[in-house]
Amino acid sequence: MCVQQIRGLFNMTKKSPCSVQALFDLCKQTFTPSATSPPSSQAVHKLYSLLDKIGPEEVGLKDESLEDERGHGLFGLNVFNRVDRWAQPITYVDIHEDQNFTMCMFCFPTSAVIPLHDHPGMTVLSKVLYGSLHVKGYDWVEPACIRKSVQIGHPTVRLARLAVDKVITAPHSTSVLYPKSGGNLHCFTAITPCAVLDILAPPYLEAAGRRCTYYHDYPYSSFANGDEIVGNGKEQDYAWLAVVDTPEDLYMRPGRYMGPAIQR
């Protein structure tokens, strides 16, 4: 056997780089400290094309939506210490975070909710790894349309346009939201046990003005004068959003990343 054939056999048996490592490397290349604007459409396309190839097994998860596990099985809870699935919290798994981007996962039991919240100045890529998730997202109407109430107990609201309102069931292509489009303000509701892999760039940082703010959405008719609708839009395409305190019942337990180690 010639040297070239031996080398060829060796290369065939070498393990190819894992998808998560490749994704991390591309994020590191794309989201840099010197970046002063959102990534280009070409850069985002490369990222979501790679993200599309990642499934639950690449990040150390099993598809809980295939089993009647009643919200108990994601990270090996003891069968003698089970909690009803309605009381199960969302599990947050931190894969990587630095000043440029965050890579993380959210693992939902059935009916769990992440309330309506924003991503100020951020680009976010989301991939549903397994299960079904209802996503509802808005973008602000520009120029800003604000209703300030003079009555005590009535909120100040701002007009937003519905960008997405659908159920995503894996396998499904990656979703992307931008600072001013794609549903930058969104909420999640788990239809079945499900998991989402997220990339957020830049990450939340209150000192830089990137604080996570929560909202309540009101029907358009609640505060409308009738002249705010843009273009050929319909009333159901709009809502008024009011800032609310962080929900007291929003609790996420930390989970351990069980996927392949990432070389940083």
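Reading the values: rules and limits
- Residues numbered from 1 in each chain as written.
- Predicted model: local features only at pLDDT ≥ 70, side-chain atom pairs only at ≥ 80, totals over all residues.
- Heavy atoms only, no water.
- UniProt positions renumbered as here; feature names shortened; annotations may be inferred.
- Pairing = 2+ DSSP bridges.
- Helix = DSSP H or I, 4+ residues; strand = E, 2+ residues; numbered from the N terminus.
- Axes fitted to C-alpha atoms, helices over the stretch in contact; angles between N-to-C directions.
- Contact = heavy atoms within 4.5 Å.
- Buried < 20%, exposed > 50% of the residue type's maximum accessible area, 1.4 Å probe, protein only.
- Arc of directions from axis to C-beta.

The name given to the chain in an unreviewed UniProt entry is cysteine dioxygenase, with Nicotiana sylvestris as the source organism. Here the chain is described in UniProt, under the heading Catalytic activity (unreviewed entry), as follows: "L-cysteine + O2 = 3-sulfino-L-alanine + H(+)". Comment text from UniProt for the chain, heading Cofactor (unreviewed entry), reads "Fe(2+)".

Further remarks concern the sheet that holds strand β8 (residues 175-177). A sheet is described by the order of its strands in space; here 6 strands give the open sequence β8-β4-β10-β2-β1-β13, paired in mixed fashion. Edge positions in the sheet fall to β8 and β13 (252-255), since each of these pairs with one other strand and no more. Taken pair by pair, the neighbouring strands of this sheet meet at an average axis angle of 25°, ignoring direction. For strand β2 (residues 102-108) and strand β10 (residues 194-201), the ladder comprises 7 bridges, and the chain directions are antiparallel. When the sheet's bridge partners are listed, C107 is paired in β10 with A195. The strands that helix α2 (residues 19-30) touches are β1 (90-97), β2 and β10; relative to β2, the one it contacts most, it runs at about 135°. Across the sheet, helix α3 (residues 41-51) touches β4 (123-130), β8 and β10, and the angle it forms with β4 is around 15°.

Along α3, the positions that sit buried rather than exposed are A43, V44, L47, L50 and L51. Viewed along the axis of α3, the buried residues span an arc of 130°, placing them on a single side of the element. Residues of α3 that are exposed and point over 90 degrees away from its buried face: S41, Q42 and K46. Lining the buried residues of α3 we find α2, β4, β8 and β10.

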